[in-house]
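Results of the structural survey
Read off the chains here:
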Amino acid sequence: MNDSTRHQFVALDLLRGLAALMVLLVHARGDAFVEFGALPPDQRTYLIGILFGFTRLGQEAVLAFFVLSGFLVGGQLIDKSRRGTFDVRIYAIDRMTRILMPLIPACILTAIVDYFLYATPPHTIQLIANMVGLNGLVAPTLPHDIPLWSLAYEIWFYVAAGAAAYLFARRVSLSALLTFAFALAALSVLGASYLLCWMLGAATFLMLGAKRSGPTFTGGLAVFAFGALLLELGAESKSFTNFILLPDAATRIMVCLGISMLFPFLCTKRAAAAIEPIRRPAQGLAAFSYSLYLTHYPVLEMLEGIFSKADALSVRSVSIFGLKIAICLGAAWLFYL
C-alpha cells in the first residue's frame with residue numbers, strides 16, 4: 001500500500017489499537033476483580049454489570065484481529081496476485097520479521113517470568129514451539145502468556161495464503177502445493193473455523209469502493225452486536241447461566257461477518273476525514289498494539305504477586321486496576337521501542 005492508501009486506512013489502525021486495548025482490559029479486569037456475581041449485593045447494579053460485561057469482549061477482539069489480518073494481508077495478496085507482482089521471498093521475509101521478531105523475545109520474557117516467579121520454566125521444546133507457531137500442535141501454549149494461542153493461527157494463515165498466492169500465479173510447484181496442504185492440515189488441528197474468519201476478511205478486500213458502504217456499515221454493526229451477544233451468552237460464567245443458541249463456530253462467523261461489513265466504509269475518505277483529528281494517536285496505538293498483545297499477560301502475571309484480587313469496587317481497587325493498565329501500556333511501549 002502506498003502512503004495515501006495507508007492514510008485512508010487510519011480507521012483500521014484505530015480498530016486494531018482498540019482491539020488490543022480490549023484484550024488488555026479483559027485480562028486486567030479478570031486479574032483485578034472477582035466475577036460480577038461475587039461482588040457485594042449492593043454493587044451488582046445494571047451500570048456495573050454493563051461495565052463488567054463490556055470487559056468480557058476478549059473473544060470478539062481476537063476475532064477482529066483475525067478479520068483485520070485477512071483483510072490487510074490476504075487482501076494485499078489478492079491485489080498482487082491479480083497484478084502479477086507477488087514475490088514469495090519478499091512476502092516470506094516481511095511476514096517472518098513482522099511476526100517473529102516481537103514474538104521470540106515475548107516468549108523469552110514469559111519464560112523468565114515462569115522461572116523467577118513460578119519456578120516452573122517451560123520445557124525447551126515448548127518454548128521453541130511457541131516461538132514459531134507450533135503451540136497447539138506439538139506443545140501447549142505457554143501458560144503465563146495465554147494470548148499466544150492466536151499467534152499459531154496467524155502464522156499458519158500466512159503460510160497457507162502465501163502458498164496459495166504462489167500457486168495462483170500459475171507456477172507449477174510441488175513444494176508450494178505440499179506447503180499449502182500442510183498448512184491446511186495444521187489449521188484443521190488448531191480449529192478450521194478461524195481460517196474462515198481470516199478468509200472472510202480477505203474476501204472483503206474485493207468490496208472496496210463498492211456503493212452503499214454506509215448501509216453496509218450499519219448492518220455490520222447490527223450483525224456484530226447480535227453475534228457478540230450470542231457469543232457472550234454461550235460463554236461459561238459464574239455470574240449467569242449460559243445459553244447456547246448456535247454452535248460456537250457459527251457464532252464466531254457471525255461476529256466476523258459483522259466486523260468485515262464495517263471495512264468498506266471504514267476505508268473511505270469520508271471515514272478517514274472523520275478520524276483525522278485523532279489520526280496520530282490512532283496510528284501510534286496501532287503501531288505497538290502487537291507488542292501490547294504479546295506482553296501484557298506476562299506483565300499482569302508479574303503484578304499478580306504484588307496486588308491481590310479485589311472482592312469489591314473501591315477507590316483503591318479501581319486505582320490498582322488503572323495502575324495495572326498503565327504499567328502494561330508502558331511495558332509494551334518500551335518493548336516496542
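Now for a quick tour of the structure.

All right, on to the overall build of the chain then. What the chain contains, in helices and strands, is 16 helices and zero strands. Its C-alpha atoms give the chain a radius of gyration of 21 Å, within 12% of the compact-globule value 20 Å for 337 residues. Projecting the C-alpha coordinates of the chain onto the three principal axes gives extents of approximately 65 × 50 × 40 Å. Relative to its full complement of 337 residues, the chain shows a buried share of 47%. For the chain, the distance from the average site of its 24 positive side-chain charges to the average site of its 19 negative ones is 11 Å.

Turning our eyes to something else, we now look at the nonpolar core. Ranked by internal contacts, the top residues of the largest apolar core, which has 90 residues, are Leu-12, Leu-63, Leu-103, Phe-157 and Phe-263. Here Leu-103 is in contact with Asn-130, Met-131, Leu-148, Leu-151, Ile-155, Tyr-290 and Leu-294, once residues within four sequence places are set aside.

Further remarks concern the side chain of Asn-135. Considering the arrangement of structural elements, one finds Asn-135 in the loop between helix H6 (124-131) and helix H7 (149-168). Relative accessible area serves as the criterion here: at 2%, Asn-135 is assigned to the buried category. Beyond its immediate stretch of four places on either side in the chain, Asn-135 contacts Ala-129, Asn-130, Pro-140, Thr-141, Leu-148, Trp-149, Ala-152 and Leu-190.

A contiguous nonpolar patch, built from Ile-104, Ile-108, Ile-112, Tyr-115, Phe-116, Leu-117, Tyr-118 and Met-302 and spanning about 760 Å² of accessible area, is present on the exposed surface. For the nonpolar patch, the element with the most residues is helix H5 (residues 88-118), which contributes seven residues. Structurally, the position occupied by Tyr-118 is in helix H5.

In this section: the pattern of salt bridges. Counting across every chain of the model gives six salt bridges. A salt bridge links Arg-95 to Asp-94; the shortest N-O distance between them is 2.9 Å. When its relative accessible area of 13% is taken as the criterion, Arg-95 is described as buried. Salt-bridge contacts for Arg-279 lead to Glu-276; the nearest nitrogen and oxygen are separated by 3.1 Å. We classify Glu-276 as partly exposed; its relative accessible area is 33%.

Another aspect to go through is the packing of helix H2 (residues 10-32) against helix H14 (residues 279-287). The interhelical angle for the contact between H2 and H14, taken along N-to-C directions, is 50°, at an axis separation of 8 Å. One way to sum up the angle between H2 and H14 is to call them oblique. H2 and H14 meet at a crossing whose hand is left-handed. Contacts from Val-10, Asp-13, Leu-14, Arg-16, Gly-17, Leu-18 and Leu-21 of H2 reach H14 at Arg-279, Ala-282, Gln-283, Leu-285 and Ala-286. A class-by-class count of the residues in the contact of H2 with H14 yields seven nonpolar, two polar and three charged.

This paragraph deals with H7. Because each turn of an α-helix spans 3.6 residues, side chains separated by three or four positions in sequence point in the same direction. With 20 residues, H7 extends 29 Å from end C-alpha to end C-alpha; this agrees with the ideal 28 Å at 1.5 Å per step. Here H7 lies mainly inside the structure; 14 of its 20 residues are buried. At the C-terminal side of H7, Arg-170 shows a positive phi close to 65°.

What follows deals with unusual backbone geometry. If you check the backbone angles, Ala-119 has positive phi at about 55° while not being a glycine. Note that Ala-119 resides in the loop between H5 and H6. Exposure remark for Ala-119: the relative accessible area of 62% places this residue in the exposed category. Unusually for a residue other than glycine, Arg-212 sits at a positive phi of about 60°. Relative to the helices and strands, Arg-212 resides in the loop between helix H9 (192-204) and helix H10 (213-234). Since its relative accessible area comes to 63%, Arg-212 is described here as exposed.

Let us look at the packing of aromatic side chains. According to the stated counting rule, one finds 22 aromatic pairs in the structure shown. A ring pair is formed by Phe-288 and Trp-333, whose centres lie 5.4 Å apart and whose planes are at 85°; its orientation type is edge-to-face. Of the two residues, Phe-288 sits in the loop between H14 and helix H15 (289-304) while Trp-333 sits in helix H16 (residues 315-336), which places them 45 residues apart along the sequence. Take Trp-333: its relative accessible area is 37%, and that puts it in the partly exposed class. With centroids separated by 5.5 Å and ring planes inclined at 35°, the aromatic side chains of Trp-333 and Tyr-336 adopt a geometry described as tilted. Pair noted here: Trp-333 and Tyr-336 are both in helix H16, with a separation of three residues, about one helical turn. Put simply, the rings of Phe-66, Trp-149, Tyr-153, Phe-157, Tyr-194 and Trp-198 pair up and form one aromatic cluster. Just above the ring of Tyr-158 sits the side chain of Arg-95; from NZ or CZ to the centre is 4.9 Å.

Calculation rules
- Residues numbered from 1 in each chain as written.
- Predicted model: local features only at pLDDT ≥ 70, side-chain atom pairs only at ≥ 80, totals over all residues.
- Heavy atoms only, no water.
- Helix = DSSP H or I, 4+ residues; strand = E, 2+ residues; numbered from the N terminus.
- Rg over C-alpha atoms; globule rule 2.2 N^0.38 Å.
- Buried < 20%, exposed > 50% of the residue type's maximum accessible area, 1.4 Å probe, protein only.
- Lys, Arg positive; Asp, Glu negative; His and termini not counted.
- Charge placed at Lys NZ, Arg CZ, Asp CG, Glu CD.
- Core = buried A, V, L, I, M, F, W, Y, C linked by side-chain atoms within 4.5 Å.
- Contact = heavy atoms within 4.5 Å.
- Patch = residues over 30% accessible without salt bridge, like charges linked within 9 Å, V, L, I, M, F, W, Y side chains within 5 Å.
- Areas by Shrake-Rupley, 256 points an atom, 1.4 Å probe, with all protein chains shown as cover.
- Salt bridge = Lys/Arg side-chain N within 4 Å of Asp/Glu carboxyl O.
- Axes fitted to C-alpha atoms, helices over the stretch in contact; angles between N-to-C directions.
- Parallel < 35°, antiparallel > 145°, perpendicular 65-115°, else oblique.
- Left-handed = near helix turned anticlockwise from the far one by under 90°.
- Nonpolar A, V, L, I, M, F, W, Y, C, P; charged D, E, K, R; others polar.
- Expected span 1.5 Å × (residues − 1).
- Phe/Tyr/Trp six-rings, centres within 6.5 Å; stacked < 30°, edge-to-face > 60°.
- Lys NZ or Arg CZ within 6 Å of the ring centre and 35° of its normal.

What is shown is where atoms sit, not what they do.
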